[in-house]
Amino acid sequence: MKRLLLPTLLLAALFVNTAAQAALNVLACEPEWGALVAELAGDKARINIATTPRQDPHHIEARPSLIARARNADLLVCNGAELELGWLPLLQRESGNARIQTGRPGWFEAAHYVDLIEKPEHLDRSAGDVHAAGNPHFHGDPRNILPVATALAARLAEIDAANAAHYQHRLADFRQRWQTALARWAQRAAPLKGVPVAVQHKNWSYLLRWLGMVAVVDLEPKSGIEPSAAYLAEVVQRLKQTPVRMVLRASYHSPRPAQWVAQHSAIPAVELPFTVGASEGAGDLFGLYEDIIERLLGALP
Amino acid sequence: MKRTVLAIAACCAAPVGAAENHSFNPDISLILQGRYLNARDIAERHISGFLPAGHDHGSERGFSLDHSELMLSANIDQAFRGQANFAIADGEVEVEEAWFQTLGLGHGLTVKGGRFLSGIGYSNEQHPHAWDFADQSLVYQALFGAHLIHDGVQLRWLAPTTAFVEFGVEAARGQFFPGSETGGNKNGAGSAATFVHIGNDWNESHSWRAGLSYLHAAPAARESHLEDASATEAHAAFSGDSNTWLVDFVWKWAPDGNMRERNFKFQAEYFQRKEQGELTCEDNSADGGVCNDTTGRYRSEQSGFYAQLVYQFMPRWRVGYRYDRLDSGTVDLGANVGLLEHEDYRPTRHSVMLDYAPSEFSRLRLQLARDESMHGVTDNQVIAQYAMSLGAHGAHKF
């Protein structure tokens, strides 16, 4: 055993984090929640984000680097609604970090504070990648951000009581800016109301509901299952009877199915930033929805 | 699941309970795994030059139910999590795992107790349905039969570093190979292990993990079934110390870290084992053998490795190649020289596989292998395998 000790200690010393301690170490599962923490905490939090805009949050591996980040987190801010089911439980378990265990103040699931839609009536895996709790992509509707922000600010204040006033102040400021933006977006997006679209995956349901757009066709035969060429041909046929104005896909999805259908139906394929950082315009939460609306408007003839 | 709309109106900060599974039942997962094997008809399969290790996951030819597994797991309370894993075969249920683990110790500490797969090496903790090939590597077959299973306790500590640095120690009964039932029957531990794992991301697309592990076992009267110098069946019993070093390395790549379309995995493990003690070859003269209960010194130094590549070239489809090579090394048979023979041999095996997974719950695999793990035998194998998982399916480790 002694032979092991010295090299490992040396190695550990190399990796030791010498950065100055910010008040709070936050690990956000997705960029949108990292951005919300940044809005509410400002410089009082050091934020790590577990996934990038180019990754599919359903399919992440519990990599060693993520376990190390979970080990040091004071607060875990995640989407919930089973989106991170394939990796988050492992991060919690392997981290040896009591603060972020389920039910503790250091564990925050945004889905707790909003209403989910598309809850499956029957749970059967032959229906594809179904989420028992409902469709987890609720951040598509920016109105859902406010209740989450309110709860998150309260949670930040609970964990870091010394800065409670700071978080409440930033929440009030954020709420005001957000409500102004919501009104502006509603006005700007008015021409999108009633526009029929095709979607590559059911991750735009909340966005479409907010904007009053209608998803006529889903390019996936079953949720989360890649479409075959034959299925896409079928979709193109169906689009001849019930035409749509555009095909939507998230930037982390393969561009091929949407492009193929778009070409064969002579309609535009629109790549939308799914989260903060997914496009140049989506630099923060405000930019995210602004960019989405502008891209949708731009695809209207 | 009912949501109270009023509560949202009253106060938007109150949890409205959308994402919670309100059932307290444990997660249940049933693994169905079966196969078709085309191979040479060999009565006593073994790895030449190595004392046979513990139990193996079947080598029946033709169609067979390879491995059915029932797994139950849940958080027990705020302090503990529990998991049990039963391997089911005709007429028997084997307890593969039955353990509890702490949840709330903090400071990076986790304690596990009960029967569990040891944390040494890389693939030791993987269940058969999570293997990238239809069978276990020769290294693990030679070292542990298939897995190193411990009845004991494990303490792990994750260092508070930005990179992943994990230390673990285990103390166990040590009744499974390379330990033995008699060796485990004592006060204290019949087997002890320690390991360190480090890992990190190179960048968004590349991540890795490396490990160094050490296992000590003190078998007493550990039985092996083998052939003596006159090629007659014999039983040998080993008592002494068995010490194993294991080095493991895994590297994974996915473009932008998005595994969905394409990804690549390289994995290799190397071991070196030294055994020192006494070996008795039981009298088999009645069967025409040459063993006569002689007890003599036994010393061996053996090693081996495997390296494998698995590439997902499009969603759902993967190909893989694995190379196994062992070195039977040096064996000093002491007074049993002439009664037993050490085969100086380097067992090798090449395996290629293609698998298709319609979802993360099912997988179909075709594997071809050229197995030269037995001296003088070249066994060309074809394996068609399915692995299905019903019910809750826990996340797999990196």
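Counting starts from 1 at the beginning of each chain's written sequence and moves along it residue by residue. Lettering of chains starts at A and numbering of ligands starts at 1, both following the order in which they are written. Residues qualify for local features only when their pLDDT is at least 70, as the model is predicted, and side-chain atom pairs are given and counted only at 80 or more; totals for whole chains, interfaces and linings, by contrast, use all residues. Note: side-chain values were computed over all heavy atoms of the structure, leaving out hydrogens and water.

Right, let's get into the overall build of chain B. A helix here means a DSSP run of H or I that spans at least four residues, while a strand means a run of E at least two residues long, and both kinds are numbered starting from the N terminus. Across its full length, chain B holds 3 helices and 18 strands. Radius of gyration here is computed from C-alpha atoms only, and the compact-globule reference equals 2.2 Å multiplied by the residue count raised to the power 0.38. Its C-alpha radius of gyration of 23 Å places chain B within 12% of the 21 Å reference for a compact globule of 398 residues. For chain B, the C-alpha atoms occupy an extent of roughly 90 × 50 × 45 Å along the three principal directions. Scored against the burial criterion, the 398 residues of chain B give a buried share of 51%. We call two residues in contact when some of their heavy atoms are within 4.5 Å. Within chain B, residue pairs in contact and separated by at least 24 positions form 63% of the contacts whose partners lie at least 6 positions apart. Only the protein chains shown count as cover for residues, and all accessible areas are computed by the Shrake-Rupley method using a 1.4 Å probe. In the structure as shown, chain B presents an accessible area of about 17200 Å², 57% of it carried by carbon and sulfur atoms. We count Lys and Arg on the positive side and Asp and Glu on the negative side, and we leave His and both chain ends out. To locate a charge, take NZ of a lysine, CZ of an arginine, CG of an aspartate or CD of a glutamate. In chain B, which carries 32 positive and 50 negative side-chain charges, the distance between the mean positions of the two groups comes to 8 Å. Only protein chains enter the area calculation, which uses a 1.4 Å probe; residues under 20% of their type maximum are buried, those over 50% are exposed, and those in between are partly exposed.

Interfaces are frequently sized by the accessible area removed from exposure as the parts join. Taken together, the contact between chain A and chain B spans 59 residues of the former and 64 residues of the latter. Accessible area that two parts lose when put together, evaluated with a 1.4 Å probe and summed over both, is termed the buried area. For the pair chain A and chain B, the summed buried area comes to about 5300 Å², and 55% of that belongs to carbon and sulfur atoms. The term salt bridge refers to a pairing of a side-chain nitrogen on Lys or Arg with a carboxyl oxygen on Asp or Glu at a separation within 4 Å. The interface formed by chain A and chain B includes 11 salt bridges. Between Arg-63 of chain A and Asp-201 of chain B there is a salt bridge, and its shortest N-O distance comes to 3.0 Å. Nitrogen and oxygen atoms within 3.5 Å of one another constitute a polar contact, given that in protein one can donate a hydrogen and the other can accept it, and given that sequence-neighbouring residues count only through two side-chain atoms. The interface formed by chain A and chain B holds 21 residue pairs in polar contact (both at pLDDT 80 or more) in total. Secondary structure elements with two or more residues in the side of chain A that touches chain B: α1 (2-15), α3 (64-71), α4 (88-95), β4 (107-109) and α5 (145-159) of chain A.

Moving on, we come to the sheet that holds strand β5 (residues 196-199) of chain A. All names here are of chain A. Strands are labelled as partners when DSSP assigns at least two bridges between them. Taken in spatial order, the 4 strands line up as β6-β5-β7-β8 in an open sheet, and their pairing is parallel. Because the sheet does not close on itself, it has two edges, and the strands there are β6 (214-218) and β8 (269-272). The mean inter-strand angle of the sheet, taken between neighbouring strand axes irrespective of direction, is 35°. Summarising the sheet, strand β7 (residues 246-250) and β8 pair through 4 bridges and their orientation is parallel. Residue pairing for β8: Arg-249 is matched across the bridge by Glu-271. Axes here mean lines fitted to C-alpha atoms, for a helix over just the part in contact, with angles spanning 0 to 180 degrees between N-to-C directions. Packing of helix α10 (residues 285-299) onto the sheet brings it into contact with β7 and β8, and relative to β8 it is tilted by some 175°.

Glancing now at the confidence of the model for chain A. Note that predicted coordinates carrying low pLDDT should not be read in detail. A residue's pLDDT is the predictor's confidence in that residue, given on a scale from 0 to 100. For chain A, per-residue confidence averages 90 on the pLDDT scale, and 93% of positions sit at 70 or higher. Confidence over residues 16-20 of chain A falls short of pLDDT 50; this stretch has 5 contacts with residues more than four positions distant or in other chains.

What follows is about the packing of helix α2 (residues 31-41) of chain A against helix α6 (residues 164-188) of chain A. Residue and element names in this part refer to chain A. Packing of α2 against α6 leaves a shortest axis separation of 7 Å and a crossing angle of 115°. Residues Leu-36, Ala-38, Glu-39, Leu-40 and Ala-41 of α2 pack against His-166, Tyr-167, Arg-170, Leu-171, Phe-174 and Arg-177 of α6. For the contact of α2 with α6, the class distribution of residues is 7 nonpolar, 1 polar and 3 charged. Classes in brief: Ala, Val, Leu, Ile, Met, Phe, Trp, Tyr, Cys and Pro nonpolar; Asp, Glu, Lys and Arg charged; the others, Gly included, polar.

Our focus in this paragraph is the state of the cysteines. Note on terminology: disulfide denotes any pair of cysteine sulfur atoms within 2.5 Å. All chains considered together, the criterion is met by 2 disulfides over all chains. The residue that forms a disulfide with Cys-29 of chain A is Cys-78 of chain A, at a sulfur-sulfur distance of 1.9 Å. Linking Cys-29 of chain A and Cys-78 of chain A, the disulfide has an S-S dihedral of approximately 50° and is accordingly described as right-handed. In this pair, Cys-29 of chain A sits in the loop between β1 (24-28) and α2 while Cys-78 of chain A sits in strand β3 (residues 75-78), placing the two residues 49 residues apart along the sequence. Accessibility classification places Cys-29 of chain A together with Cys-78 of chain A in one group, the buried group. Two residues share a disulfide in this structure: Cys-281 of chain B and Cys-291 of chain B, whose sulfurs sit 2.0 Å from each other. Across the disulfide from Cys-281 of chain B to Cys-291 of chain B, rotation about the S-S bond amounts to roughly 75°, and the bridge is consequently right-handed. Of this pair, Cys-281 of chain B sits in strand β13 (residues 263-281) while Cys-291 of chain B sits in the loop between β13 and β14 (294-314), and the two are 10 residues apart along the sequence. Residue class for Cys-281 of chain B comes out buried when judged on its relative accessible area of 0%.

Residues and elements named next belong to chain A. Along helix α9 (residues 256-265), the residues that are buried comprise Pro-257, Ala-258, Val-261 and Ala-262. For α9, the arc enclosing every buried residue in end-on projection is 125°, short of the 170-degree limit, so these residues lie on one face. Those residues of α9 that are exposed and aimed more than 90 degrees away from the buried face are Arg-256 and Gln-263. Summarising the contacts, the buried residues of α9 are in contact with α8 (229-241), β7 and β8. Trailing α9 by a residue or two, Ala-266 shows a phi angle of about 55°, which is positive. For this quantity, the arc is that covered by the directions from the helix axis to the C-beta atoms.

Residues and elements named next belong to chain A. Most of α2 is tucked away: 10 of the 11 residues are buried. Against β1, β2 (45-49), β3, α5, α6 and α10 lie the buried residues of α2. After α2 finishes, the residue Gly-42 shows a positive phi value of roughly 60°.

On to the confidence of the model for chain B. Mean pLDDT for chain B: 90, with 93% of residues reaching 70 or above. Ignoring residues within four places in sequence, the model shows residues 1-20 of chain B, a span with pLDDT below 50, making 36 contacts including any to other chains.

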